[in-house]
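Tertiary structure, described
Single-letter residue listing:
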Amino acid sequence: MSLPDVGRPDLPEFMTWEDLERLPDEVAERIELWDGRVVWVRRGQVSIRPRCVA
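So, here's what we can say about the structure. No experiment lies behind these values; they were computed from the predicted model shown.

Quick word on unusual backbone geometry
The phi dihedral of Asp-35 is positive, around 50°, even though this residue is not glycine. With respect to the helices and strands, Asp-35 occurs in the loop between strand E1 (31-34) and strand E2 (37-40). A residue is classified by how much of its surface remains accessible, and Asp-35, at 81% relative accessible area, is exposed.

Points about the nonpolar core
A general tendency of soluble globular proteins is for nonpolar side chains to be buried together. In this structure, Met-15, Leu-20, Leu-23, Val-27, Ala-28, Ile-31, Leu-33, Val-38 and Trp-40 together form the largest nonpolar core, which totals nine residues. Counting only elements with at least two residues in this core, the list comes to helix H2 (25-28), E1 and E2. If sequence neighbours within four positions are ignored, Trp-40 has contacts with Arg-8, Pro-9, Leu-11, Val-27, Arg-30 and Ile-31.

Section: the pattern of salt bridges
Pairing between side chains of opposite charge can happen when their charged atoms approach one another. This model, assessed by the stated rule, comprises two salt bridges. Taking the shortest distance from any N to any O, the salt bridge between Glu-13 and Arg-37 comes out at 2.3 Å. A residue pair is termed long-range when its members are at least 10 positions apart, and Glu-13 in the segment before helix H1 (17-22) and Arg-37 in strand E2 qualify at 24 residues. Between Asp-19 and Arg-22 there is a salt bridge, and its shortest N-O distance comes to 2.5 Å. One end of the pair is Asp-19 and the other is Arg-22, both in helix H1 and three residues apart, which spans about a single turn.

Calculation criteria
- Residues numbered from 1 in each chain as written.
- Predicted model: local features only at pLDDT ≥ 70, side-chain atom pairs only at ≥ 80, totals over all residues.
- Heavy atoms only, no water.
- Helix = DSSP H or I, 4+ residues; strand = E, 2+ residues; numbered from the N terminus.
- Buried < 20%, exposed > 50% of the residue type's maximum accessible area, 1.4 Å probe, protein only.
- Core = buried A, V, L, I, M, F, W, Y, C linked by side-chain atoms within 4.5 Å.
- Contact = heavy atoms within 4.5 Å.
- Salt bridge = Lys/Arg side-chain N within 4 Å of Asp/Glu carboxyl O.

What follows is the structure, given as structure tokens:
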């Protein structure tokens, strides 16, 4: 089941885990923290199969 699009709210570039926990679930589950940096998780499937160009 896909989630409704909630857009990307204006967030700081860096957050703590405590900051992340205070966000609504539908926003927080789309974010990862990499050394405190906010990284949005890509939605949908990404194909790693090379495309043949003729």
